[in-house]
Amino acid sequence: MGDLLIYTIAILITLPIPFLVIFYLCARKWSKHKLKALHRTANFTAPVFILAVHVLLVVLFNRSFFPYIIIFLLFLLGLSMIAQYKLKEEVQLFRALKGFWRVSFLLFILVYVGLSAYGLLSRVVFV
């Protein structure tokens, strides 16, 4: 039973794009609204992409960048709070966290695609 859980988590981290599509289709069928399904998908798959980027960095460069990822996420949260303060002159923590989480999802999905392309090209060219 423990092996099944470990293999499921490993598949989610190594193949986050199919997980993203499957989760979006399920969320869309469940909520009947495209925008709500998109937001739920972003909220629930952001940690998967963060871990997938970490794993890709470890595989490509043979060292852990997890502390740098955490520092980057904290910096991004700080920027989100500063932007909200500048726009509204009041910080609402829930809105700041929601915006931070969605921006981090977008950034990490782009970094994942970029690192995947770099990894494929480096393995093909430098074999």
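Our structure's up above, just so we're on the same page.
Residues numbered from 1 in each chain as written. Predicted model: local features only at pLDDT ≥ 70, side-chain atom pairs only at ≥ 80, totals over all residues. Heavy atoms only, no water.

1. Concerning the packing of helix H4 (residues 66-88) against helix H5 (residues 93-125)
Contact pair H4 / H5: the axes reach a minimum separation of 9 Å and the direction vectors enclose 130°. Regarding the angle of H4 to H5, the classification is oblique. Like other packed secondary-structure pairs, H4 and H5 cross with a definite hand, here right-handed. Side by side, H4 and H5 meet where Ile69, Phe72, Leu73, Leu76, Leu77, Ser80, Met81, Gln84 and Lys88 of the first sit next to Leu93, Arg95, Ala96, Leu97, Gly99, Phe100, Val103, Ser104, Leu107 and Phe108 of the second. Class assignment of the residues belonging to the contact of H4 with H5 gives a composition of 13 nonpolar, four polar and two charged. (Axes fitted to C-alpha atoms, helices over the stretch in contact; angles between N-to-C directions. Helix = DSSP H or I, 4+ residues; strand = E, 2+ residues; numbered from the N terminus. Parallel < 35°, antiparallel > 145°, perpendicular 65-115°, else oblique. Left-handed = near helix turned anticlockwise from the far one by under 90°. Contact = heavy atoms within 4.5 Å. Nonpolar A, V, L, I, M, F, W, Y, C, P; charged D, E, K, R; others polar.)

2. Thoughts on the packing of aromatic side chains
Within this structure, the stated rule accounts for nine aromatic pairs. Ring geometry for Phe23 versus Phe44: centroids 5.5 Å apart, planes at 50°, classification tilted. Linking Phe23 in helix H2 (residues 16-31) with Phe44 in helix H3 (residues 34-61), this pair joins segments that are 21 residues apart in sequence. Taking the relative accessible area as the measure of exposure, Phe44 reaches 52% and is therefore exposed. (Phe/Tyr/Trp six-rings, centres within 6.5 Å; stacked < 30°, edge-to-face > 60°. Buried < 20%, exposed > 50% of the residue type's maximum accessible area, 1.4 Å probe, protein only.)

3. Quick look at the side chain of His54
As for its placement among the helices and strands, His54 is situated in helix H3. In this view, His54 contacts Ser64, Phe65, Phe66 and Ile69; residues no more than four positions away in its chain are not counted.

4. Notes on the environment of Asp3
Checked against the element boundaries, Asp3 lands in helix H1 (residues 2-14). Counting along the chain gives 68 residues from Asp3 to Ile71, while the straight-line C-alpha distance between them is 32 Å.

5. What to know about the nonpolar core
Ranked by internal contacts, the top residues of the largest apolar core, which has 21 residues, are Phe49, Val53, Ile69, Phe105 and Phe108. Residue assignment for this core shows that the elements contributing at least two residues are H3, H4 and H5. Dropping the residues within four chain positions of it, Phe105 is found in contact with Leu20, Ala42, Thr45, Ala46 and Phe49. (Core = buried A, V, L, I, M, F, W, Y, C linked by side-chain atoms within 4.5 Å.)

6. Remarks on a nonpolar patch on the surface
A cluster of nonpolar side chains, Phe72, Phe75, Leu79, Val103 and Leu107, forms an exposed patch at the surface whose accessible area comes to about 420 Å². Of all the elements in the fold, those that place two or more residues in the nonpolar patch are H4 and H5. Ranked by residue count, the leading element in the nonpolar patch is H4, at three residues. On the secondary structure map, Phe75 appears in helix H4. On the basis of relative accessible area, Phe75 is assigned to the exposed category, the value being 52%. (Patch = residues over 30% accessible without salt bridge, like charges linked within 9 Å, V, L, I, M, F, W, Y side chains within 5 Å. Areas by Shrake-Rupley, 256 points an atom, 1.4 Å probe, with all protein chains shown as cover. Salt bridge = Lys/Arg side-chain N within 4 Å of Asp/Glu carboxyl O.)

7. Considering the packing of H3 against H4
Where H3 contacts H4, the axes come no closer than 10 Å and their chain directions differ by 145°. For the pair H3 and H4, the crossing hand works out as right-handed. From H3, Ile50, Val53, His54 and Leu57 reach across to H4, where they touch Phe66, Ile69 and Leu73. Among the residues forming the contact of H3 with H4, the class breakdown is six nonpolar, one polar and no charged.

8. Observations regarding unusual backbone geometry
When glycine is set aside, most residues are seen to have a negative phi, and most peptide bonds are trans. In this model, Asn62 sits at a positive phi of 55°, which is unusual for a non-glycine residue. By the secondary structure assignment, Asn62 is in the loop between H3 and H4. Backbone geometry at Glu89 places phi at a positive 60°, although glycine is not the residue there. Note on placement: Glu89 falls in the loop between H4 and H5.

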